[in-house]
Amino acid sequence: MKIKASVIGATGYAGAELVRLLLKHPDVELAALCSKSFEGQALSDIYPSFLGLCDKVCINQSEAVDMSDVVFACLPHGLSEPLAAECLEKGRKFIDLGADFRLESEEEYNEWYNKPFDKPKIHKSAVYCVPELFREKAKDTNIIANPGCYPTSAALGLAPAIENALVETDSIIIDSKSGVTGAGRGLSQTTHYPDCNEAFSPYKVGVHRHTPEIEQTLSKVGGKKVKVTFVPHLLPVNRGIVSTMYVKLKDGVTKEQVRAAYEKKYEGEQFVRVLKDGATANLRNVKYTNMCDISLHVDSRTGTLIVVSTIDNMVKGAAGQAIQNMNLIFGLPEETGLDLIPPAF
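This text gives an overview of the structure that appears in the document.

Calculation criteria
- Residues numbered from 1 in each chain as written.
- Predicted model: local features only at pLDDT ≥ 70, side-chain atom pairs only at ≥ 80, totals over all residues.
- Heavy atoms only, no water.
- Salt bridge = Lys/Arg side-chain N within 4 Å of Asp/Glu carboxyl O.
- Helix = DSSP H or I, 4+ residues; strand = E, 2+ residues; numbered from the N terminus.
- Buried < 20%, exposed > 50% of the residue type's maximum accessible area, 1.4 Å probe, protein only.
- Core = buried A, V, L, I, M, F, W, Y, C linked by side-chain atoms within 4.5 Å.
- Contact = heavy atoms within 4.5 Å.
- Pairing = 2+ DSSP bridges.
- Axes fitted to C-alpha atoms, helices over the stretch in contact; angles between N-to-C directions.
- Disulfide = S-S within 2.5 Å.
- Parallel < 35°, antiparallel > 145°, perpendicular 65-115°, else oblique.
- Left-handed = near helix turned anticlockwise from the far one by under 90°.

Details of the pattern of salt bridges
Summed over all chains, the structure comprises 21 salt bridges. Here Lys 177 makes a salt bridge to Asp 175, at a shortest N to O gap of 2.4 Å. A salt bridge links Glu 263 to Arg 259; its shortest N-O distance comes to 3.0 Å. In this pair, Glu 263 and Arg 259 both sit in helix 11 (residues 255-265), four residues apart, roughly one turn of the helix. Its relative accessible area of 41% is what places Glu 263 among the partly exposed residues. Among the residues examined, Arg 259 registers a relative accessible area of 12% and is labelled buried. In this structure, a network of salt bridges that share partners links the residues Glu 17, Arg 20, Arg 239 and Asp 312.

Details of unusual backbone geometry
The phi dihedral of Asn 114 falls on the positive side, at around 60°, and the residue is not glycine. When you line up the elements, Asn 114 lands in the loop between helix 5 (106-113) and helix 6 (120-123). Phi at Ala 165 is positive, roughly 55°, even though this residue is not glycine.

Focus on the nonpolar core
Ranked by internal contacts, the top residues of the largest apolar core, which has 94 residues, are Leu 18 and Phe 72. Counting residues per element, this core draws most heavily on helix 8 (residues 149-163), which supplies nine residues. Beyond its immediate chain neighbours, meaning those up to four positions away, Leu 18 contacts Val 7, Phe 72, Cys 74, Leu 97, Ala 319, Ala 322 and Ile 323.

Topic: the sheet that holds strand 5 (residues 126-128)
Spatially, six strands are ordered 2-1-3-4-6-5 in an open sheet, and the strand pairing comes out parallel. Edge positions in the sheet fall to strand 2 (28-34) and strand 5, since each of these pairs with one other strand and no more. Sheet twist, expressed as the average angle between the axes of neighbouring strands with direction ignored, equals 20°. The sheet contact formed by strand 1 (residues 3-8) and strand 3 (residues 70-73) spans four bridges and is parallel.

Some details on the state of the cysteines
Enumeration according to the criterion identifies zero disulfides in this entry. In this model Cys 54 remains outside any disulfide bridge; the closest cysteine sulfur is found in Cys 58, 8.5 Å from its own. Of the residues examined, Cys 54 reaches a relative accessible area of 3% and is grouped as buried. In this structure Cys 292 is not part of a disulfide, and its nearest cysteine sulfur, from Cys 149, lies 13 Å away.

A closer look at the packing of helix 1 (residues 13-22) against helix 12 (residues 315-329)
Packed helices, taken two at a time, are described by their axes: the angle between them and the distance between them. Running from amino to carboxyl end, helix 1 crosses helix 12 at an angle of 45°, the nearest separation of the two axes being 9 Å. Between helix 1 and helix 12, the angle falls in the class oblique. In the packing of helix 1 onto helix 12, the handedness of the crossing is right-handed. Residues Ala 14, Glu 17, Leu 18, Arg 20, Leu 21 and Leu 22 of helix 1 form the contact with helix 12, whose participating residues are Val 315, Ala 318, Ala 319, Gly 320, Ala 322 and Ile 323.

Printed below as a string of structure tokens:
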């Protein structure tokens, strides 16, 4: 019997990407779609690419939960907690692509999102899961906090170096660039075509809400508090993230030791590729896939390890990783429904 899945917030970019991927998942039946803005309208009316492939009409949230085994929420922060509570009450699995369950500390969440937890009890049962780092914790939970896009690229890019104590953790710089879909479907001045096209600039410098999530993940991996300087940039492309990270090597650590740690960590991982010496990760080579490409570089003059990590922000950074997490909690091979090939050009 197939898993019945519903997508709440199906008309946003992450929601539409989830629909695209779930339609081809061999073990999933797309049960229902929801959109507060487009309730009563067919998804194919909003995204014509789905015409004849998914003409489902968006229904209300409670109906969708009743029809589901698993509910994916693609909602702004602050809206997932009550939905998660409803899913738990009705015995449904819940995977949140928003920010409500990503931070374990209510104090930090309040600091960065300007609100406390509405339902603190259910946060204790939620599991934040980058599968390559925390998969064992996700197998026995009913609530998954799907990681953010920037934190995914940063965590996968830095985890082996930090886990093996190869680098200093008090001066990490993460310089990330994202395609415009990362800003969501709602139009703002910075994502308006005349302002975004032929332009390139940082935004939310030093104050981006993904900063505490990155620090939380890297601290877990390293077993001690990690602080980072994180600066995101907006690229005039539709999708993709490139994170270039600078971190000091500990005295005596060689590039060969670094490469050995990365290759050991990601040996056998379907979705993480550690590139050969001399190669540089490029967002083009991971587009439309659940892949993360990592290239390793050392500035021997300054003793700096430079890690370049690239993902598709809509797939590995959102919908694809959510499906990978769904596969985990339902006991399916993680790659099921995610056998996606990047374009050659």
